[in-house]
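Observations on the three-dimensional arrangement
Each chain is listed here by its residues.
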Amino acid sequence: MNGRTDPEHIAISKSKGIKIDWKDRHASDYGITYLRDKCPCAVCTGAHGTPPRQPEAEVPASPFQMYKPALKMLDVEPVGNYAIRIHWSDGHSTGIYSWEHLRDICPCAECQGRE
Ligand SMILES: [Zn+2]
Ligand SMILES: [Zn+2]
């Protein structure tokens, strides 16, 4: 255990996103739409043969989306001691965000440039 996937401190803003300070001294700052787009559940990732969900920014305009309320987190609940489940204002709540997944999707330049 090097602390890479152990959160030291988590700050949740239901309208802005989540910030996590990791035990290895790394800090991650996830925006709302970024987190929603990175939902790891089968529906959003296209597992089981369903088409993957379009990223938030690329959803084509349709007559039913003339007005789209700003996405929010309604609730964030802990799942065991390894993950959180986010309830979204669009009704979605099946995504379980493990610490490992969250660390993997850290949007900072350092992490995004590592591959
Ligand atoms: Zn999902
Ligand atoms: Zn990072």
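Now for a quick tour of the structure. Source: prediction; values computed, not measured. (Residues numbered from 1 in each chain as written. Chains lettered and ligands numbered in written order. Predicted model: local features only at pLDDT ≥ 70, side-chain atom pairs only at ≥ 80, totals over all residues. Heavy atoms only, no water.)

As for the coordination of the zinc ion (ligand 1)
Those protein atoms acting as donors to the zinc ion (ligand 1) are Cys39 (SG), Cys41 (SG), Cys44 (SG) and His92 (NE2), and they sit at 2.0 to 2.3 Å. What the four donor atoms of the zinc ion (ligand 1) show is an angle range of 101 to 115° at the metal, which sorts the shape as tetrahedral. (Donors = N, O, S within 2.8 Å, 3.2 Å for Na, K, Ca; no water. Tetrahedral: all angles 85-135°; square planar, octahedral: opposite > 155°, others 65-115°.)

A short note on unusual backbone geometry
Within the chain, Arg25 stands out as a residue other than glycine whose phi angle is a positive 80°. Within the secondary structure, Arg25 is located in the loop between strand E2 (17-22) and strand E3 (27-31). (Helix = DSSP H or I, 4+ residues; strand = E, 2+ residues; numbered from the N terminus.)

Some remarks on the coordination of the zinc ion (ligand 2)
Binding of the zinc ion (ligand 2) to the protein goes through His26 (NE2), Cys106 (SG), Cys108 (SG) and Cys111 (SG), at separations of 2.0 to 2.3 Å. Considering all four donor atoms around the zinc ion (ligand 2), the spread of angles at the metal, 101 to 116°, places the coordination shape in the tetrahedral class. Mapped onto the sequence, the residues coordinating the zinc ion (ligand 2) show the spacing H-x79-C-x1-C-x2-C. Given the relative accessible area of 0%, Cys106 is considered buried. (Buried < 20%, exposed > 50% of the residue type's maximum accessible area, 1.4 Å probe, protein only.)

Quick look at the side chain of Ser98
Locating Ser98 in the fold gives a position in strand E6 (residues 96-98). A distance of 3.0 Å separates the side chain of Ser98 from the backbone nitrogen of His101, its partner in a polar contact. Contact partners of Ser98, with chain neighbours within four places excluded, come to Tyr82 and Ala83. (Polar contact = N/O pair within 3.5 Å; in protein donor to acceptor, adjacent residues only side chain to side chain. Contact = heavy atoms within 4.5 Å.)

Concerning the nonpolar core
Counting residues in each nonpolar core, the largest one holds 21 residues, and the members touching the most others are Tyr30, Leu35, Ile86 and Leu102. Of all the elements in the fold, those that place two or more residues in this core are E2, helix H1 (32-37), strand E4 (73-79), strand E5 (83-88) and helix H3 (99-104). (Core = buried A, V, L, I, M, F, W, Y, C linked by side-chain atoms within 4.5 Å.)

Points about the pairing of strand E1 (residues 7-13)
Pairing geometry for E1 and E2, over six bridges, is antiparallel. For Ser13, the partnering residue across the bridge sits in E2 and is Gly17. The hairpin turn running from E1 into E2, its antiparallel successor, is three residues long. (Pairing = 2+ DSSP bridges.)

Structural notes on the environment of Ile32
Mapped onto the fold, Ile32 is located in helix H1. For Ile32, a relative accessible area of 7% translates into the label buried. Residues Ile32 and Met73 lie 41 residues apart in sequence; the distance between their C-alpha atoms is 7.7 Å. Aside from chain neighbours lying at most four places away, what touches Ile32 is Ser13, Lys14, Ser15, Lys16, Gly17, Leu71, Lys72, Met73 and Trp88.

Any functional reading would require information that these geometric values do not contain.
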